Amino acid sequence: MKKCPQCGREYDLTMSFCLDDGSELLYGPASMDEPQTAILYDEARAGEQRTKIYDTPTAEPSARRRSLAAGAIGIVLVTVLGVGSYIYFGRG
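As the structure is a computational prediction, the values presented were derived from the model and not from experiment.

Caption draft 1: Spatial organisation of the pattern of salt bridges. Applying the stated rule across the entire model yields one salt bridge. Among the ionic pairs, Asp-20 bridges to Arg-9, the shortest N-O distance being 3.3 Å. Taken together, the residues span a long stretch of sequence, with Asp-20 in the loop between β2 (10-11) and β3 (26-27) and Arg-9 in the loop between β1 (2-3) and β2 at a distance of eleven residues. A residue is classified by how much of its surface remains accessible, and Asp-20, at 55% relative accessible area, is exposed. Look at Arg-9 and you get partly exposed, because its relative accessible area is 38%.

Caption draft 2: Representation of the environment of Thr-14 within the structure. Mapped onto the fold, Thr-14 is located in the loop between β2 and β3. For the pair Thr-14 and Lys-2, spaced twelve residues apart in sequence, the C-alpha to C-alpha distance is 8.9 Å.

Caption draft 3: Representation of the side chain of Ser-23. With respect to the helices and strands, Ser-23 occurs in the loop between β2 and β3. Polar contacts involving the side chain of Ser-23 include one to the side chain of Asp-21, which spans 3.0 Å. Every residue in contact with Ser-23, bar those within four places of it in the chain, is listed here: Cys-4, Pro-5, Gln-6, Ser-16, Phe-17 and Cys-18.

Caption draft 4: Representation of the side chain of Lys-2. On the secondary structure map, Lys-2 appears in strand β1. It is Glu-24 that comes nearest to the buried, bridge-free Lys-2 among opposite-charge side chains, at 7.2 Å. Here Met-15 takes part through its backbone oxygen, which lies 2.9 Å from a polar atom of the side chain of Lys-2. Excluding anything up to four places from it in sequence, Lys-2 contacts Arg-9, Glu-10, Tyr-11, Asp-12, Leu-13, Met-15, Ser-16, Leu-25, Leu-26 and Tyr-27.

Caption draft 5: Here's a closer look at the state of the cysteines. Per the counting criterion, the structure on display carries zero disulfides. Summary of cysteine pairing: Cys-4 is not part of a disulfide, and the nearest cysteine sulfur, belonging to Cys-7, is at 3.5 Å. For the unlinked cysteine Cys-18, the closest cysteine sulfur is that of Cys-4, found at 3.6 Å.

Thresholds, definitions, all that
- Here the residue index of a chain counts from 1 through its sequence in written order.
- Local features in this predicted model are restricted to residues whose pLDDT is 70 or higher, and side-chain atom pairs enter the listing and the counts only when it is 80 or higher, whereas totals over whole chains, interfaces and linings include all residues.
- Note that the side-chain values use all heavy atoms of the structure and ignore hydrogens as well as water.
- Salt bridges are defined as contacts in which a side-chain nitrogen from Lys or Arg sits within 4 Å of a carboxyl oxygen from Asp or Glu.
- Only DSSP runs of H or I covering at least 4 residues are called helices, and only runs of E covering at least 2 are called strands; the numbering of each starts at the N terminus.
- Buried means the residue's accessible area, taken with a 1.4 Å probe over protein chains only, is under 20% of the maximum for its type, while exposed means over 50%, and partly exposed covers the values in between.
- N or O atoms within 3.5 Å of each other form a polar contact, as long as, within protein, one can give a hydrogen and the other can take it, and as long as residues adjacent in sequence are counted only when both atoms are side-chain atoms.
- The criterion used for residue contact is that any of the two residues' heavy atoms lie within 4.5 Å.
- Counted as positive: Lys and Arg. Counted as negative: Asp and Glu. His and the chain ends are not counted at all.
- Cysteine sulfur atoms that pair up within 2.5 Å are treated as a disulfide.

As structure tokens, then:
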């Protein structure tokens, strides 16, 4: 939710300016019970901790091998079905 700093009216995320007074909307909690939005920085500034950057997990070699084997079996199966259907239906 976005909130107008002047009148305190709350808007959805599609709005950029308040309809009443025209001031720019700020990101903030929709109610007093909701926590504020966390702002994360890529680089550490003075007195701030660096944002953790998580690496994307890579597939295990065994999982990679299984997916390659499944792909190879699929290609062979499609080829065999294609050749078999050509022989069966192609010759009149």
